[in-house]
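# Remarks on the overall topology
The lines below spell out each chain.
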Amino acid sequence: QVQLVESGGGSVQAGESLRLSCAASGYIFSWNRMGWFRQAPGKDRERVAGICSNSGRTFYVDSVVGRFTISQNNARNTLYLQMNNLKPEDTALYYCAAASVGVYCDVDRTDFRYWGQGAQVTVSS
C-alpha cells in the first residue's frame, strides 16, 4: 500500500517560516513526479509546487515564487516544502501528491494519483 503523510503544519504569524514534510512509503513505479497542493475555505484546490526528481525541474505558482522551495531527500522518500515569509493568504490545507511516472516526467502536468491527508497551515497578520 502507498501512503503519503504530511507533517510540519501549524499556526504562525506573517513573515515567519514553516517546513512541511511528506513521508512516502509503499511501492510505486517511481517517485519521479511529486507536488504540493493547497486548498483554502471557499476556494478551489491550487497547485503550489511540483518537482520531477530525475530531471530536477520544478514548478511554483506565481504567488509563492521566491518564498517557497520544494525538495526531496537523497533517498526520495521524503518531500519537503520550505515556506518562508509566510503571508495570511497562504493559509490553507496543504496536500502532498505523487504520480508514478517514468523518465519522461512533465513537471507541468497536474494529474496525481496518490495523495496525503493534508496539513493545516494558518498565517495570522
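Residues numbered from 1 in each chain as written. Predicted model: local features only at pLDDT ≥ 70, side-chain atom pairs only at ≥ 80, totals over all residues. Heavy atoms only, no water.

Where the residue is not glycine, phi is negative for most of them; where a peptide bond is considered, it is trans in most cases. Here arginine 76, not a glycine, exhibits a phi torsion of approximately 60°, which is positive. With respect to the secondary-structure elements, arginine 76 resides in the loop between β7 (68-72) and β8 (78-83). Not every positive phi belongs to a glycine, and asparagine 85 is a case in point at roughly 50°. (Helix = DSSP H or I, 4+ residues; strand = E, 2+ residues; numbered from the N terminus.)

Structurally, the position occupied by aspartate 90 is in the loop between β8 and β9 (92-99). In terms of polar contacts, aspartate 90 uses its side chain to reach the side chain of arginine 67, at 2.8 Å. The residues contacting aspartate 90, other than those within four sequence positions of it, are Arg38, Val64, Arg67, Phe68, Val121 and Val123. (Polar contact = N/O pair within 3.5 Å; in protein donor to acceptor, adjacent residues only side chain to side chain. Contact = heavy atoms within 4.5 Å.)

On to the layout of surface pockets, then. For the largest pocket, the calculated volume is near 190 Å³. A per-class count over the lining of the largest pocket returns 2 nonpolar, 3 polar and 8 charged. (1 Å grid on protein atoms, 1.4 Å probe; cavity = no way out; pocket = protein on both sides within 12 Å on 5 of 7 lines; lining within 4 Å. Points joined across faces, edges and corners; volume = space filled by probe spheres on them. Nonpolar A, V, L, I, M, F, W, Y, C, P; charged D, E, K, R; others polar.)

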